[in-house]
Amino acid sequence: MKTTLILVLFYFICTISFAQDEVKLSLEMDSKILGKNIKYSVYLPAEYENSNNEFPILYLLNGFTGDETDWNMDGLLSDIVNQLTRAEKIDPMVIVMPDGDDRLYMNRDDGTYPYEDMLVKEFIPFVESKYKVIKDRRFRAISGLSMGGAGSLRLAFKYYELFGACAAYSASIRTYDEIINDNPSHFDSYFGRISPSVIGKKGEVRYTDAIKEFDLLNFVDTQDVESLKSVNIYFDCGDDDFLTLGNTNLHIKLKKKGIPHEFRVRDGKHTWNFWIDSLPIGLVFISNSMRKSDTRTIQN
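Conventions used here
Residues numbered from 1 in each chain as written. Predicted model: local features only at pLDDT ≥ 70, side-chain atom pairs only at ≥ 80, totals over all residues. Heavy atoms only, no water. Helix = DSSP H or I, 4+ residues; strand = E, 2+ residues; numbered from the N terminus. Rg over C-alpha atoms; globule rule 2.2 N^0.38 Å. Buried < 20%, exposed > 50% of the residue type's maximum accessible area, 1.4 Å probe, protein only. Contact = heavy atoms within 4.5 Å. Areas by Shrake-Rupley, 256 points an atom, 1.4 Å probe, with all protein chains shown as cover. Lys, Arg positive; Asp, Glu negative; His and termini not counted. Charge placed at Lys NZ, Arg CZ, Asp CG, Glu CD. Phe/Tyr/Trp six-rings, centres within 6.5 Å; stacked < 30°, edge-to-face > 60°. Lys NZ or Arg CZ within 6 Å of the ring centre and 35° of its normal. 1 Å grid on protein atoms, 1.4 Å probe; cavity = no way out; pocket = protein on both sides within 12 Å on 5 of 7 lines; lining within 4 Å. Points joined across faces, edges and corners; volume = space filled by probe spheres on them. Pairing = 2+ DSSP bridges. Axes fitted to C-alpha atoms, helices over the stretch in contact; angles between N-to-C directions. Salt bridge = Lys/Arg side-chain N within 4 Å of Asp/Glu carboxyl O. Parallel < 35°, antiparallel > 145°, perpendicular 65-115°, else oblique. Left-handed = near helix turned anticlockwise from the far one by under 90°. Nonpolar A, V, L, I, M, F, W, Y, C, P; charged D, E, K, R; others polar.

Side note on the overall build of the protein
For the protein, the count of helices and strands is 12 helices and 8 strands. A globule of 300 residues ought to have a C-alpha radius of gyration of about 19 Å, and the protein, at 20 Å, matches this closely. Along the first, second and third principal axes, the C-alpha atoms of the protein reach 85 × 40 × 35 Å. Residues counted as buried form 52% of the 300 residues belonging to the protein. Partitioning the contacts of the protein with sequence separation of at least 6, the portion at a separation of at least 24 is 74%. Carbon and sulfur atoms make up 51% of the accessible area of the protein, which totals about 14000 Å². Separation between the mean location of the 35 positive side-chain charges and that of the 44 negative ones in the protein comes to 3 Å.

A few points about the packing of aromatic side chains
Per the stated rule, a full pass over the model turns up 17 aromatic pairs. Their ring planes at 75° and their centres at 5.7 Å tell us that Y105 and Y115 sit as a pair that is edge-to-face. Of this pair, Y105 sits in the loop between β4 (94–98) and α4 (115–130) while Y115 sits in helix α4; the two residues are 10 residues apart in sequence, bridging distant segments of the chain. For the pair formed by Y105 and Y115, the shared burial category is buried. Clustering of aromatic rings is evident, with ring pairs tying together Y40, Y59, F123, F126 and F163. In this structure, K132 is placed above the aromatic ring of Y48, and the distance from its NZ or CZ to the ring centre is 4.5 Å. Positioned above the aromatic ring of Y190, the side-chain terminus of R174 is 5.3 Å from the ring centre.

Thoughts on empty space enclosed by the protein
Counting across every chain of the model gives 1 cavity of 30 Å³ or more. Its volume calculated, the largest cavity comes out at about 40 Å³. As for the largest cavity, its lining consists of L104, M106, M147, A150, G151, R154, Y190 and F214. In terms of residues, the lining of the largest cavity owes the most to one element, helix α5 (residues 147–158), which gives 4 residues.

Details of the sheet that holds strand β1 (residues 22–31)
Pairing in this open sheet of 8 strands is mixed, and the strands run β1-β2-β4-β3-β5-β6-β7-β8 from one edge to the other. Only two strands of the sheet have a single partner each, and these edge strands are β1 and β8 (262–266). Across the sheet, the mean angle separating the axes of adjacent strands is 20° when strand polarity is ignored. With 5 bridges connecting them, strand β3 (residues 57–61) and strand β5 (residues 140–145) associate as parallel partners. Bridge pairing in β5 links L58 to A141.

Re the pattern of salt bridges
Applying the stated rule across the entire model yields 16 salt bridges. Linking K158 and E116 is a salt bridge whose minimum nitrogen-to-oxygen distance equals 2.8 Å. Remark: E116 occurs in helix α4 and K158 occurs in helix α5; sequence separation between them is 42 residues. Notably, a salt bridge pairs D136 with R138, separated by 2.9 Å at the nearest N-O pair. Connected through shared salt-bridge partners, E116, R154, K158 and E213 make up one network.

As for the environment of L61
Looking at the element boundaries, L61 is found in strand β3. For L61, a relative accessible area of 1% gives the class buried. Residues contacting L61, with those up to four places away along its chain left out, are W71, P98, Y105, I142, S143, G144, L145, G148, G151, S152 and L155.

Some thoughts on the packing of α4 against α5
The description of two packed helices rests on the angle between their axes and on the distance between the axes. Put simply, α4 and α5 touch, their axes get as near as 13 Å, and they point 60° apart. Between α4 and α5, the angle is such that the two are oblique. Note on packing geometry: the crossing formed by α4 with α5 is right-handed. Within the contact between the two elements, α4 uses E116, L119 and V120 and α5 uses R154, L155 and K158. Within the contact of α4 with α5, the residues separate by chemical class into 3 nonpolar, no polar and 3 charged.

Spelled out as structure tokens, the structure:
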């Protein structure tokens, strides 16, 4: 009897000691809205499997030409999150990474590819019915780099009732002049994704309603200031990044409107080296935002 108890105790200790986080890559959701499968990856903390608790959730978006595996394969996601969690700098959280599909996280303006509708109306409900996460904006955040940085900011501002915090890195924010004077090849391949009618166009005619909504410097002017104030915002950019001007202008605009936020310009370019340094800063910002709003009674 004593031997049996010792073995059971040993097994229990080993199970706890070797509990590990898990990253599941390139899972699929059947999207009825888009009529295709959408890929996503998910990070589950070590505590997830054996816990009865629900966890905070972060939607982490990739950049242009990237996919749902980028943050794990290139961004050292698992290593960074584990280090921060062990140091108790962040609380354990579920992190979901949908494939951005190079759609700028927006609906195509001709109605043929409503990516944003899929993400908000279909993907988020799907994820939050499948995983043990807290269904409360205070514990739901969004983050991303480049295209995903701009996407996370715009979605956080637009759907403030869904997201309590946002952290964006090297966000694809362009000034009006940068948009209408953009290189034709880049403009067509990037902005043509959401507004195909502008392909081949030059100058002011490029500035369609879809492009106006993409333009965060214009978009924040269309939103209620008090609503914008309800989201905890962090964003940064490298001093040698081609997007520094747009990010700095967003900081100035938010400052003038009295919208609280944190903005940092650090040494760096539009590279993974910069984003790997940005991710832990953003995760700590998001976790601290959640901790400040946490009035739950945790069940063990």
